[in-house]
Amino acid sequence: MEIPYVTQPRRDTGLYNAKVGIWLFLASEVMLFGGLFASYIMLRVGAPEGTWPTDLLDVPIGTINTVVLILSSVTVVLAWSALKLKNFKQYRRFQAVTILCAVTFIVIKSFEYREKFTHYDVVLVTGERVDGHLKERGEDEQGEEYLVLSHPVSYPAVNGIAYRPEAVREQKKSGQIDADRRIAQSEVKSIKNWSPAANTYFAIYFTMTALHALHVIAGALVIAWIWGPGASLWKTDPERYINRVEVSGLFWHFVDLVWIFLFPVLYLL
Amino acid sequence: MEATQTQAQRQSVHETHHEQGPGFLRQYIFSTDHKIIGLQYAVTALCFLLIGFFLMCLMSWSKAYDMAAVPVLGPLLETLLGNAAAEGKISPDLYNSFGAMHGTIMVFLAIVPMVFAAFGNYIVPLQIGAVDMAFPRINMASYQFYFLGGVVMLTSFFIPNGAAQAGWTSYSPLATVIETDGQTFWLIGMVLLITSSLLGAVNFIATIIQLRAPGMTWMRMPWFVWVQFVTAFLLLLAFPPLEVAALMQLMDKLVGTSFFLPTGMALTSGEFATAESAAASGGGSALLYQHLFWFLGHPEVYVLILPAMGIVAEVISNHARRPLWGYRTLVYSVLAVGFLSFIVWAHHMYLTGMGTFISAFFQTTTIIISIPSVVILTCLFITLWGGSIRINTPPMLFALAFLPMFGIGGLTGLPLAFNFADLHLHDTYYVIAHFHYVVAPGTIFGLMAGIYFWYPKVTGRLMNDYWGKVHFWASLLFMNIVFMPMFYQGMKGMIRRQHDGGAGYSSARNPDGIGGLDDTVMEFNTVILMGALMLGLAQIPFILNFFLSLKYGEKAASDNPWRATTLDWQTPTPPPHGNFRQPPEVVRGPYDYSLPGAKEDFVPQNQPA
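Residues numbered from 1 in each chain as written. Chains lettered and ligands numbered in written order. Predicted model: local features only at pLDDT ≥ 70, side-chain atom pairs only at ≥ 80, totals over all residues.

Focus on the overall build of chain A
Part 1: Counting its regular elements, chain A contains 7 helices and 5 strands.
Part 2: Along chain A, helices and strands appear, N-terminal first, in the series α-α-α-β-β-β-α-β-β-α-α-α.
Part 3: In summary, chain A has a C-alpha radius of gyration of 24 Å against a globular reference of 18 Å for 269 residues, an excess of more than 25%.
Part 4: Each principal axis of the C-alpha atoms in chain A carries an extent, and together these give about 80 × 40 × 35 Å. (Helix = DSSP H or I, 4+ residues; strand = E, 2+ residues; numbered from the N terminus. Rg over C-alpha atoms; globule rule 2.2 N^0.38 Å.)

This is the structure we're talking about:
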């Protein structure tokens, strides 16, 4: 005996099995990201005065990535509706754009990550705190190590990282930010890059965006598989094939939606 | 796998009289049939149940005879676990490992896979008249993730420094800073187990929504199916926050973040010793971990108990030859329990200083959830009223014992629900006794009832009645000997998680101290050890009965030896692939026992009037 409602919807629920499955799975995913957002709120509310940084991320790049994902959301629907109209070629074109968008998103995101990993935050023995993009690191003629930071931002360490945006504003006005800053090893009290271990903000930023990026990659792989090697099903069981496209599309919308929440929370607030 | 299959096909082409069937691997190891997967779950989970039980015996030994070499098993422990069990003694660290892993194994690897995945997989599709689960391959993957998670958990015993030591709750910061990779194994194992239960839960719910046979309306579903439905929702929605907690703790351990390490926490040794990095982190909240953990942790309690209630309801209705009393009430109650279980979690955290207002809120919801729980138990009791009770069979004995035993567990929970009483009882043996009464003589009796009840459907043979009764009476007696003294110990103030069983706080060792643990408290440790060992012996008749009945058990007289009404009994024995002879059509409710005017005292759901 065959399992019923694999392709045809059940009368009283109006849904085929996989659609019920994906909605349930998404409910679970909502709880997963919900847990992370709740953690974000608790960590931010509980952070001691002056320790929660803002304005550390590149908003234009984040905006571009948001647009890229929204575009992919549109094409994934267009692809599905093209398939519903039995236009397989059209479907392939639209879905190719979707996959391309996913790849673009990941590429941009990885450059963003790299940017952060090579950004160094230095506390000097004088009590000054300087951070900037690592431009050069080496030894001078005397054999002392040094590093050069481009676009350095400096402020008193006691003010805490929350003071940074104000310092940026001032030093942009004065032009101080455009000059590279050379720091000798002997001046350095502590140094670390903007990795997840840098502070709790980066910890939650990297955790949430990395988990989201994994979802993007997984979604793109599934969509690409259906698009490429899985397409033979279109000839044997077109309705089931359309269902697969629809279900993967639902997942894709969810991934986009998560980003729509992540972007303001991490970049803008 | 494919090779064996094509070979089998080729063979069947050449020798037409050979039956064409899937190979052994395909049929038993990589099966997609819900019944085989259910059995895989059952066998694996029962093995883990035994492992968890052994750990408990070793812990009882340590509590009663602190730092004395373990008799008989000592040398074996030393060979297996190395330094932690030097000279066959259980070191405090090893005790902590055993404690953490006993909890983890029992909850996540034994009970949930048994009552939810095993019984659910085997019985639910049969009871709703489906040919299989909605997603057979996802079902197979679910078992494989579970198995992998179990392997990871077990492996962690044998790595340097041993398994996780911070309790089954793995509270940070303790869990993060203990210097063993066991915690990392634990976290990875948990992520695998969560994945498994996610796949399982999606499958169960989709199956129940989509694959009900014609005529099987929602209010004609056996209550057991309802219970599994609610349980699946609990797993689906409550586990992800724990996954979040596991991921974040993993980040803390491996990447050096400080999600759960509060600013200013002073650590004097270990890899996290720099106080400055914690100070610069901008927060980090130990309380956050507890919130995330118990957001799963409390619904999990209902995941443990609800399916057992479902089994008990089926057995009681069948053996009392009466319809389940208040079927609709039961359905709404279990839905209410499921919903409320999501808003009671912080009653595990009264002592954390989260504030009296929040405590008062969770105290209120906790008391409210006891109402539908009591309603369920009351309905089960009233079902017996005026029934024609077949009392003297193992499934019915276990089901009947479940009622008062769960009652003890439930009622002793009330003082814990109240903030002020909990301040005294928190983290004592009272708590241990309370939840073990719910889970051990509660859930385990429920699942034993289920095993004796459905054994003839699965194998076509009955388990031995006499040895079943021996198993029952001995288990009942020794369960109580193990857990009853713990109430006393806890009320006297004996704290849990001590390898010496509280000896360090005994009045014998501190004659001048005030409020030391008296001699009776300490002597109970020995009583508990003896009870535990006897409880172990009491399981031998069950294990032998379980295996020997496969071959020597009395053959079931028909496909429906208990004369039951639900669809699972209207299948051939054992149910073949596809389950039913012809697609069943449901025409009546699930519990038409002793219908006036009917030829027999039961009318199956698919039998027309």
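Digging into the overall build of chain B
Part 1: A tally of regular secondary structure across chain B gives 19 helices and 0 strands.
Part 2: In terms of overall dimensions, chain B is globule-like: its C-alpha atoms have a radius of gyration of 25 Å, near the 25 Å expected for 609 residues.
Part 3: Counting only C-alpha atoms and orienting by the principal axes, one finds that chain B spans roughly 75 × 60 × 50 Å.
Part 4: For chain B, the proportion of contacts with a sequence separation of at least 24, taken over those separated by at least 6, is 78%. (Contact = placed C-beta atoms within 7 Å.)

Quick look at the domain arrangement of chain A
When the parts come together, some accessible area is lost, and that loss is often what is quoted as the size of the interface.
All names here are of chain A.
Part 1: Domain boundaries in chain A define domain 1 (19-116 + 199-268) and domain 2 (119-193).
Part 2: Between the C-alpha centres of domain 1 and domain 2 the distance comes to 36 Å.
Part 3: Residue-level contacts link 9 residues of domain 1 with 8 residues of domain 2.
Part 4: For the side of domain 1 that touches domain 2, the per-class residue count stands at 2 nonpolar, 4 polar and 3 charged. (Domains from an automatic or database assignment. Nonpolar A, V, L, I, M, F, W, Y, C, P; charged D, E, K, R; others polar.)

A word on the nonpolar core
Part 1: Grouped together as the largest cluster of nonpolar side chains are 239 residues, with contacts concentrated most on Ile205(B), Leu236(B), Val312(B), Phe398(B), Phe402(B) and Ala449(B).
Part 2: Those residues in contact with Ile205(B) that sit more than four places away from it in its chain are Leu24(A), Phe229(B), Ala232(B), Phe233(B) and Leu236(B). (Core = buried A, V, L, I, M, F, W, Y, C linked by C-beta atoms within 7 Å. Buried ≥ 20, exposed ≤ 12 C-beta atoms within 10 Å, placed from the backbone.)

A short note on the packing of helix H6 (residues 136-155) of chain B against helix H8 (residues 182-210) of chain B
Residues and elements named next belong to chain B.
Part 1: Close contact between H6 and H8 brings their axes to 8 Å; oriented N to C, the two are set at 160°. On the basis of their axis angle, the class for H6 and H8 is roughly antiparallel. For H6 against H8, the interelement crossing comes out left-handed. Counted together, Ile-138, Asn-139, Ala-141, Ser-142, Phe-145, Tyr-146, Leu-148, Gly-149, Val-152, Met-153 and Thr-155 of H6 and Phe-185, Trp-186, Ile-188, Gly-189, Leu-192, Leu-193, Thr-195, Ser-196, Leu-199, Gly-200 and Asn-203 of H8 form the full contact between these two elements.
Part 2: For the contact of H6 with H8, the per-class residue count stands at 13 nonpolar, 9 polar and no charged. (Axes fitted to C-alpha atoms, helices over the stretch in contact; angles between N-to-C directions. Parallel < 35°, antiparallel > 145°, perpendicular 65-115°, else oblique. Left-handed = near helix turned anticlockwise from the far one by under 90°.)

Here we look at unusual backbone geometry
Residue and element names in this part refer to chain B.
Part 1: At the junction of Ser-172 and Pro-173, the peptide bond is cis and its omega measures out at 0° in the coordinates.
Part 2: Here the residue pair Thr-573 and Pro-574 is connected by a cis peptide bond, since its omega of -20° sits within 30 degrees of zero.
Part 3: As for its position among the elements, Pro-574 is in the segment after helix H19 (519-552).
Part 4: One non-glycine residue, Asn-579, adopts positive backbone phi at about 70°.
Part 5: At Ser-594, a residue that is not glycine, the phi angle is positive and equals roughly 50°.
Part 6: Residue position: Ser-594 is located in the segment after H19.
Part 7: On the basis of neighbour count, Ser-594 is assigned to the partly exposed category, with 17 C-beta atoms found within 10 Å.

Quick look at the pairing of strand S3 (residues 145-156) of chain A
Residues and elements named next belong to chain A.
Part 1: In terms of strand pairing, strand S2 (residues 128-139) meets S3 through 10 bridges, oriented antiparallel. Of the residues in S3, the one forming a bridge with Glu-139 is Glu-145.
Part 2: Bridge count between S3 and strand S4 (residues 181-184): 4 bridges; the pairing is antiparallel. Paired with Leu-147 across the two strands is Ile-183, which belongs to S4. (Pairing = 2+ DSSP bridges.)

Here we look at the packing of helix H3 (residues 88-117) of chain A against helix H5 (residues 200-227) of chain A
All names here are of chain A.
Part 1: At a closest axis distance of 10 Å, the pairing of H3 and H5 adopts a crossing angle of 155°. The orientation of H3 relative to H5 falls into the category roughly antiparallel. For the crossing formed where H3 meets H5, the hand is left-handed. Together, Arg-92, Gln-95, Thr-98, Ile-99, Ala-102, Phe-105, Ile-106 and Lys-109 of H3 and Thr-209, Ala-213, Val-216, Ile-217, Ala-220, Ile-223, Ala-224 and Trp-227 of H5 make up the contact between the two elements.

Here we look at H19(B)
All names here are of chain B.
Part 1: Between its first and last C-alpha atoms H19 spans 49 Å; for 34 residues at 1.5 Å apiece the expected length is 50 Å, and the two agree.
Part 2: A maximum bend of about 30° is found in H19 at Phe-546.
Part 3: For H19, the secondary structure elements touched by its buried residues are helix H3 (34-64) and helix H18 (465-491). (Expected span 1.5 Å × (residues − 1). Bend = angle between axes of the 7 residues up to and from the residue.)

Looking at the interface of chain A and chain B
Part 1: Facing the 32 residues of chain A at the interface are 35 residues of chain B.
Part 2: Elements represented by at least two residues in the side of chain A that touches chain B include exactly helix H1 (17-46) and H5 of chain A.
Part 3: If one sorts the elements of the side of chain A that touches chain B by residue count, H1(A) sits on top with 15 residues.
Part 4: Class assignment for the residues of the side of chain A that touches chain B results in 20 nonpolar, 11 polar and 1 charged.

Points about the pairing of S2(A)
As a general feature of sheets, a regular strand has side chains that alternate between the two faces.
Residue and element names in this part refer to chain A.
Part 1: In this sheet, S2 lies alongside strand S1 (residues 119-124) in antiparallel orientation, the contact comprising 5 bridges. What sits directly across from His-119, in S2, is His-133.
Part 2: In textbook terms, the turn of a hairpin is the stretch between consecutive antiparallel strands, and for S1 and S2 this stretch comprises 3 residues, one of which, Gly-127, has a positive phi near 95°.
Part 3: Hairpin remark: S2 followed by S3, antiparallel, with 5 residues in the connecting loop; positive phi at Gly-143, about 85°.

So, the sheet that holds S1(A)
Residues and elements named next belong to chain A.
Part 1: On the basis of which strands lie adjacent, the open sheet formed by 5 strands has the order S4-S3-S2-S1-S5 and antiparallel pairing. The two strands at the open ends of the sheet, each matched to only one other strand, are S4 and strand S5 (188-193). For this sheet, the mean angle separating the axes of adjacent strands, direction not counted, is 40°.

Re the environment of Pro136(B)
Part 1: You can see Pro136(B) is positioned in helix H6.
Part 2: When the 17 C-beta atoms within 10 Å are taken as the criterion, Pro136(B) is described as partly exposed.

Remarks on the environment of Met354(B)
Residues and elements named next belong to chain B.
Part 1: Its location among the elements puts Met-354 in the loop between helix H12 (327-340) and helix H13 (356-384).
Part 2: According to the C-beta neighbour criterion, Met-354 is partly exposed, with 15 such atoms within 10 Å.
Part 3: Setting aside anything within four residues of it in sequence, one finds Met-354 in contact with Leu-287, Ala-346, Met-349 and Ser-359.

A word on the confidence of the model for chain B
Residue and element names in this part refer to chain B.
Part 1: Scored by pLDDT, chain B has a mean of 91; 93% of the residues are at 70 or more.
Part 2: Counted against residues more than four places away or in other chains, residues 1-19, with its pLDDT under 50, gives 14 contacts.
Part 3: Segment residues 268-273 is flagged for pLDDT under 50; beyond a separation of four residues in sequence, or across chains, it makes 7 contacts in the model.
Part 4: Predicted complex metrics record ipTM = 0.94 and pTM = 0.94. (pLDDT = per-residue confidence, 0-100.)

As for the environment of Thr263(B)
Residue and element names in this part refer to chain B.
Part 1: Structurally, the position occupied by Thr-263 is in the loop between helix H9 (223-254) and helix H10 (275-280).
Part 2: You can call Thr-263 partly exposed: it has 19 C-beta atoms within 10 Å.
Part 3: Taking the C-alpha atoms as reference points, Thr-263 and Ser-285, separated by 22 residues in sequence, lie 8.3 Å from one another.

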